[in-house]
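Read off the chains here:
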Amino acid sequence: MNNETLYDKAEEMAEKALCNVKCLCPKLKEAGICCQCDVFTSLRDYYAEEEIKSFALSDWNDISEIIDSGKAKEVFEIGDEREETLITGEKITLVILGFGQDEKVSGGKVNMTIGLKNLMDGDFEMNLTHTNGGGWEKSRMRTVYMERVFKLLPEKLRNIIVPVKKNTSAGGGSTDITVSEDKLFLFSLAEIYSQRGISKSDNSNISGNADTYQEEGTQYEYFKELLGDADPYDDNEEIIKRKANGGGSAYSWWLRSPYVSNTNGFRCVTGSGDVYYGSASGAYGVCFGFCV
């Protein structure tokens, strides 16, 4: 809170007769603070309370309480960020993607969906072999790597993550949709791009299989604000992601969507920001999401 904002808040409080406005306001205006008056004490308490409600600074227990109260959407905003440290010491930045979108395994909608702003360090394959058979549900990424990554998160965060249902095509050339139950998940093509962007894409596999891709989810509000109805096949710098918590070079990162009508690839976002595909056994970056 800068001095001008502090002054405005003090004036508002002074009008409520918390102190003598003729005494307080000139001091705040000229010096920035007045440590002797009741209004400044009230402001300090007010600011401390507001800080606690910040997504960036709040303890996960405090965030959990806000979520349980049903006020997450009132207190936090799409795009709010916070930094976390994994058990390994690696730094990651989390960003709020949406409210009330994902479906809990236990029933009903989650309060909030969160994802990585950039990429984890290290390269990961979707499967050890050159196949997308079994899709996301049976992939090594989901059954091995996501379980390992979950254990690296701070304990307080792990304790409030809610398992959700995720739709994904089955892989192996199939257009069938499977439903998995996930604590951590990679994003689908449809969770990043709009239905219009997918159906109108210049990439014939994407637009030609739009019905299947669109069954894998709905675009998160965060990506809607970044991309609108952009074509996944275009270079979209808004979704270029980097390792080293954003400090490294641009790098390709996996989506959980199998390459429809193909038996060996999964969709990915390249270092240029366009959606392509890679062999399931190739090693790319990881950007995961979760719900609380």
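Shown above is the structure to which this text applies.
Rules used throughout
Residues numbered from 1 in each chain as written. Predicted model: local features only at pLDDT ≥ 70, side-chain atom pairs only at ≥ 80, totals over all residues. Heavy atoms only, no water. Buried < 20%, exposed > 50% of the residue type's maximum accessible area, 1.4 Å probe, protein only. Helix = DSSP H or I, 4+ residues; strand = E, 2+ residues; numbered from the N terminus. Arc of directions from axis to C-beta. Contact = heavy atoms within 4.5 Å. Polar contact = N/O pair within 3.5 Å; in protein donor to acceptor, adjacent residues only side chain to side chain. Pairing = 2+ DSSP bridges. Expected span 1.5 Å × (residues − 1). Bend = angle between axes of the 7 residues up to and from the residue. Phe/Tyr/Trp six-rings, centres within 6.5 Å; stacked < 30°, edge-to-face > 60°. Lys NZ or Arg CZ within 6 Å of the ring centre and 35° of its normal.

K.L.:
How should helix α4 (residues 60–68) be read in this particular structure?
P.N.:
For the α-helix, the turn length of 3.6 residues means that residues three or four positions removed from each other point alike. Those residues of α4 that fall on the buried side of the exposure criterion are Trp60, Ile63, Ser64, Ile66 and Ile67. Here the buried residues of α4 occupy an arc of 160 degrees about the axis, which is enough to place them on one side. Set apart from the buried face of α4 by more than 90 degrees, the exposed residues are Glu65 and Asp68. On its buried side, α4 packs onto α5 (72–75), β1 (81–85), β2 (91–99), β3 (112–116) and α8 (155–158). The N-cap of α4, judged by a side-chain oxygen 2.7 Å from the amide nitrogen of Asn61 a few residues on, is Asp59.

K.L.:
Before we go on, may I ask you to explain the sheet that holds strand β7 (residues 185–186) in this structure?
P.N.:
One key point about sheets: their strands pair by backbone hydrogen bonds, in either a parallel or an antiparallel sense. Spatial strand order, β1-β2-β3-β12-β7: five strands in an open sheet with antiparallel pairing. Looking at strand neighbours, the two that pair on one side only are β1 and β7, the edges of this open sheet. Strand direction decides the pairing type here: β2 and β3, joined by five bridges, are antiparallel. In the sheet register, Gly98 faces β3, and the bridge partner there is Thr113.

K.L.:
Just to check I follow, could you spell out the side chain of Glu84 for this structure?
P.N.:
Along the polypeptide, Glu84 turns up in strand β1. Under the relative-accessibility criterion, Glu84 is labelled buried at 8%. Only 2.8 Å separates the side chain of Glu84 from the side chain of Arg82, close enough to count as a polar contact. Residues within four places of Glu84 in sequence aside, it is in contact with Trp60, Glu90, Lys91, Ile92, Leu94 and Pro154.

K.L.:
Could you clarify how one ought to interpret the pairing of β2 in this entry?
P.N.:
With respect to burial, β2 is a largely interior element, eight of its nine residues being buried. By the bridge criterion, five bridges tie β1 to β2 in an arrangement that is antiparallel. Residue pairing for β2: Arg82 is matched across the bridge by Leu94.

K.L.:
Whenever I open this one, the environment of Val105 confuses me. Can you help?
P.N.:
The residue Val105 is located in the loop between β2 and β3 in this model. Along the primary structure Val105 and Val164 are separated by 59 residues, whereas in three dimensions their C-alpha atoms are 4.9 Å apart. In contact with Val105, not counting residues within four places along its chain, are Pro163, Val164, Lys165 and Glu181.

K.L.:
What's the story with helix α7 (residues 140–152) in this structure? I'm lost.
P.N.:
In this model α7 runs 17 Å from its N-terminal to its C-terminal C-alpha over 13 residues, within 8% of the 18 Å that 1.5 Å per residue would give. Its axis deflected by about 35 degrees at Met146, α7 carries its strongest bend there. If you check which residues of α7 are buried, you get Met141, Arg142, Tyr145, Met146, Val149 and Phe150.

K.L.:
When you look at the packing of aromatic side chains in this model, what are you seeing that I'm missing?
P.N.:
The description of an aromatic ring pair rests on the distance of the ring centres and on the angle between the ring planes. Per the stated rule, a full pass over the model turns up twelve aromatic pairs. An aromatic cluster is present here, built from Phe185, Phe187, Tyr220, Tyr222 and Phe223 joined pairwise through their rings. The ring of Phe55 is capped by Arg82, whose NZ or CZ atom sits 5.6 Å from the centre of that ring. Its end group placed over the ring of Tyr251, Lys243 keeps NZ or CZ at 4.0 Å from the ring centre.

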